[in-house]
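Breakdown of the fold
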Amino acid sequence: MLDIGSAAGAIAASALGPNCFPVRALLFDKTGEKNWALGWHQDRTIVVKQRRSVPGFGPWTVKKGLTHVAPPVEILAQMVTLRIHLDPVPPTNAPLLIARGTHRVGMIPEPDADAVVDGSQVVACVADRGDIWLYRTLILHASAASAEPDRRRVLQVDYGHGPLPGGLEYLGL
């Protein structure tokens, strides 16, 4: 289990309870040379130790040698994501955009994402160095390319709680 004495762990535990634990971490490093945009989407996969045939889990993919699977929406609905900002993210440096409340809708088909966003309040997650943003993993989110590119490093950590069914296990950190 997570040492919730850590700042990030305590923040995750405030949403999921004391038995939560980190299940995946990604480092995003946007620069003037690596300046991308991502359209509106939900994070829909988890990383597991090995593939097992479990009802409701799929499709399966392997990315950079790691086994990913789309779990049932109930699993994703019980997860949170923390974004730990290693650099400042002003409005001009492509802050994450979230569509408030969209995590409550469940799994949103990709062709419907823009319509759901149009009916939601969009928030730009500007941040200072050291700030931590917490959101439900299923929330619709996007990111534009930076208007004034500067380094923007963000450590994203997904947290879950409880075991997966059918012998599946989170890969973890």
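Definitions and cut-offs
- Residues numbered from 1 in each chain as written.
- Predicted model: local features only at pLDDT ≥ 70, side-chain atom pairs only at ≥ 80, totals over all residues.
- Heavy atoms only, no water.
- Helix = DSSP H or I, 4+ residues; strand = E, 2+ residues; numbered from the N terminus.
- Rg over C-alpha atoms; globule rule 2.2 N^0.38 Å.
- Buried < 20%, exposed > 50% of the residue type's maximum accessible area, 1.4 Å probe, protein only.
- Contact = heavy atoms within 4.5 Å.
- Areas by Shrake-Rupley, 256 points an atom, 1.4 Å probe, with all protein chains shown as cover.
- Lys, Arg positive; Asp, Glu negative; His and termini not counted.
- Charge placed at Lys NZ, Arg CZ, Asp CG, Glu CD.
- Arc of directions from axis to C-beta.
- Phe/Tyr/Trp six-rings, centres within 6.5 Å; stacked < 30°, edge-to-face > 60°.
- pLDDT = per-residue confidence, 0-100.

1. Quick notes on the overall build of the protein
- On a plain count of helices and strands, the protein comes out with three helices and eleven strands.
- When its helices and strands are written in sequence order, the protein yields α-β-β-β-β-β-α-β-β-α-β-β-β-β.
- Relative to the compact-globule value of 16 Å for 173 residues, the protein shows a C-alpha radius of gyration of 16 Å, a close match.
- Its C-alpha atoms give the protein principal-axis dimensions of about 45 × 40 × 30 Å.
- Within the protein, the proportion of its 173 residues that are buried is 42%.
- The contacts of the protein with a sequence gap of at least 6 include a subset with a gap of at least 24, amounting to 80%.
- Accessible surface for the protein amounts to roughly 9000 Å². Of this, 55% is attributable to carbon and sulfur atoms.
- Distance between charge centres in the protein, computed from 17 positive and 16 negative side chains, equals 6 Å.

2. Quick word on helix α1 (residues 7-16)
- Within α1, burial applies to Ala-8, Gly-9, Ala-12, Ala-13 and Leu-16. The buried residues of α1 occupy an angular sector of 130° when projected down its axis, which confines them to one face. Projecting away from the buried face of α1 at angles above 90 degrees are the exposed residues Ala-7 and Ser-14.
- Buried-residue contacts for α1 involve β1 (20-30), β6 (80-85), β9 (132-136) and β11 (152-161).
- Once α1 finishes, Gly-17 follows within two positions and takes phi at roughly 100°, a positive value.

3. Let's talk about the side chain of His-141
- With respect to the helices and strands, His-141 occurs in strand β10 (residues 141-143).
- His-141 gets classed as buried once you look at its relative accessible area, which sits at 4%.

4. Comments concerning the packing of aromatic side chains
- Tallied over the entire structure, the rule returns one aromatic pair.
- Between Phe-21 and Tyr-170 the ring centres are 5.7 Å apart and the planes differ by 70°, which places this aromatic pair in the edge-to-face class. Highlighted residues: Phe-21 in strand β1 and Tyr-170 in the segment after β11, separated in sequence by 149 residues.
- When its relative accessible area of 11% is taken as the criterion, Tyr-170 is described as buried.

5. Some points on the confidence of the model for the protein
- For the protein, the mean per-residue pLDDT works out to 93, and 97% of the residues sit at or above 70.
- Mean pLDDT values for the elements of the protein range from 92 in α1 up to 98 in strand β5 (residues 66-69).
- Under a pLDDT of 50 for its full length, residues 1-5 has, in the predicted model, eleven contacts with residues more than four places off or in other chains.

6. Examining unusual backbone geometry
- Of note, the amide linkage connecting Gly-58 to Pro-59 takes the cis form, showing an omega dihedral of 5°.
- Mapping Pro-59 onto the fold places it in the loop between β3 (46-48) and β4 (60-63).
- A positive phi angle, close to 50°, is found at Lys-64, a residue other than glycine.
- Positionally, Lys-64 belongs in the loop between β4 and β5.
- Although it is not a glycine, Ala-94 adopts a positive phi angle of roughly 55°.
- Along the chain, Ala-94 turns up in the loop between β6 and β7 (96-99).

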